[in-house]
Amino acid sequence: MPRLDQHFVHLGLGAKAVVEPEFTGMNWYAGYAERHDSADGSEGRLVSMYRFDSNWDAWEMHPRGDEVVICTEGAMVLIQQHADGNEERIELRAGDYAINPAGVWHTADVTDPATAIFVTAGKDTEHRPR
């Protein structure tokens, strides 16, 4: 049985769910884009799970669609930077979720080692240092 923290799932057009190859680090995302961007475009979604022991060291932004963040264990503070420059802090504990709207830069502080599931419209995702 695959584990979500090792083998993410792609949700594609036609209500398809595809188990992805094992996650091996940030370079994995280039292969993911090659496998799915041309067929599913902005409508494809990546379902992934990560465990965090420390604050994120970068910001990210998904220009093509919203992202759902579901905290399943521990606690984290999701920080969203809106177009007007205002920052919103959303505390998430196990069972809580938040939505990162398309185009909103976001990062997180980890207040208690946390695990979260992400449902991401990842096409053309951008990153910048924190």
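Residues numbered from 1 in each chain as written. Predicted model: local features only at pLDDT ≥ 70, side-chain atom pairs only at ≥ 80, totals over all residues. Heavy atoms only, no water.

Undergrad: Looking at this structure, I do not really get the overall build of the chain. What am I missing?
TA: Helices and strands together make up the secondary structure of the chain, namely one helix and nine strands. Element order for the chain, N to C, with α for helix and β for strand: β-β-α-β-β-β-β-β-β-β. Taking 130 residues into account, the globule formula puts the C-alpha radius of gyration at 14 Å, and the chain, at 14 Å, falls close to it. If one aligns the C-alpha atoms of the chain with their principal axes, the spans along those axes are about 35 × 35 × 25 Å. Across the 130 residues in the chain, those meeting the buried criterion constitute 37%. Considering only contacts within the chain whose residues lie at least 6 apart along the sequence, 67% involve residues at least 24 apart. For the chain, the computed accessible surface area is about 7,200 Å², with 52% contributed by carbon and sulfur atoms. Measuring between centres, the 11 positive side-chain charges of the chain sit 2 Å from its 22 negative side-chain charges. (Helix = DSSP H or I, 4+ residues; strand = E, 2+ residues; numbered from the N terminus. Rg over C-alpha atoms; globule rule 2.2 N^0.38 Å. Buried < 20%, exposed > 50% of the residue type's maximum accessible area, 1.4 Å probe, protein only. Contact = heavy atoms within 4.5 Å. Areas by Shrake-Rupley, 256 points an atom, 1.4 Å probe, with all protein chains shown as cover. Lys, Arg positive; Asp, Glu negative; His and termini not counted. Charge placed at Lys NZ, Arg CZ, Asp CG, Glu CD.)

Undergrad: What is the right way to look at the side chain of asparagine 100 in this model?
TA: Along the chain, asparagine 100 turns up in strand β7 (residues 97-100). For asparagine 100, the side chain forms a polar contact with the side chain of histidine 106, separated by 3.5 Å. Ignoring any residue separated from it by four or fewer positions in sequence, one finds asparagine 100 in contact with Asp66, Glu67, Val69, Leu78, Gln80 and His106. (Polar contact = N/O pair within 3.5 Å; in protein donor to acceptor, adjacent residues only side chain to side chain.)

Undergrad: Just checking my understanding: could you explain the side chain of serine 48 for this structure?
TA: With respect to the helices and strands, serine 48 occurs in strand β3 (residues 45-52). When residues no more than four places from it in sequence are discounted, the contact partners of serine 48 are Leu4, Phe8, Ala116, Ile117 and Phe118.

Undergrad: Can you walk me through the pattern of salt bridges in this structure?
TA: Side chains that differ in charge, positive against negative, can pair when their charged atoms come close. Throughout the structure, instances matching the rule amount to nine salt bridges. Between glutamate 73 and arginine 51 there is a salt bridge, with its nearest N and O atoms 3.5 Å apart. With glutamate 73 in strand β5 (residues 67-81) and arginine 51 in strand β3, the pair connects residues that are 22 residues apart, well separated along the chain. By relative accessible area, which is 42% here, glutamate 73 ends up partly exposed. For the salt bridge of arginine 89 with aspartate 109, the shortest nitrogen-to-oxygen distance reads 3.7 Å. Separated by 20 residues along the polypeptide, arginine 89 in strand β6 (residues 87-93) and aspartate 109 in strand β8 (residues 105-120) bring together distant segments of the chain. Counted as one network, the salt bridges with shared partners bring together Arg51, Asp53 and Glu73. (Salt bridge = Lys/Arg side-chain N within 4 Å of Asp/Glu carboxyl O.)

Undergrad: For this particular structure, what's the right way to read the layout of surface pockets?
TA: Empty space among the atoms becomes visible once a probe the size of a water molecule is rolled across them. The calculated volume of the largest pocket comes to roughly 660 Å³. Along its surface, the largest pocket is lined by 30 residues, and Met26, Tyr29, Tyr50, Glu60 and His127 are the ones closest to its centre. Of all the secondary-structure elements, those providing two or more residues to the lining of the largest pocket are α1 (28-40), β3, β4 (58-61) and β8. The element best represented in the lining of the largest pocket is α1, accounting for six residues. Looking at the lining of the largest pocket residue by residue, the classes come out as 12 nonpolar, 10 polar and eight charged. (1 Å grid on protein atoms, 1.4 Å probe; cavity = no way out; pocket = protein on both sides within 12 Å on 5 of 7 lines; lining within 4 Å. Points joined across faces, edges and corners; volume = space filled by probe spheres on them. Nonpolar A, V, L, I, M, F, W, Y, C, P; charged D, E, K, R; others polar.)

Undergrad: Please explain the pairing of strand β2 (residues 16-19) as it appears in this structure.
TA: In regular strands, side chains alternate between the two faces of the sheet. Examined bridge by bridge, strand β1 (residues 9-12) and β2 share four bridges and lie antiparallel to one another. Residue pairing in the sheet places glycine 12 in a bridge with lysine 16 of β2. What sits between the antiparallel neighbours β1 and β2 is a turn of three residues, in which glycine 14 has the positive phi angle 75°. (Pairing = 2+ DSSP bridges.)

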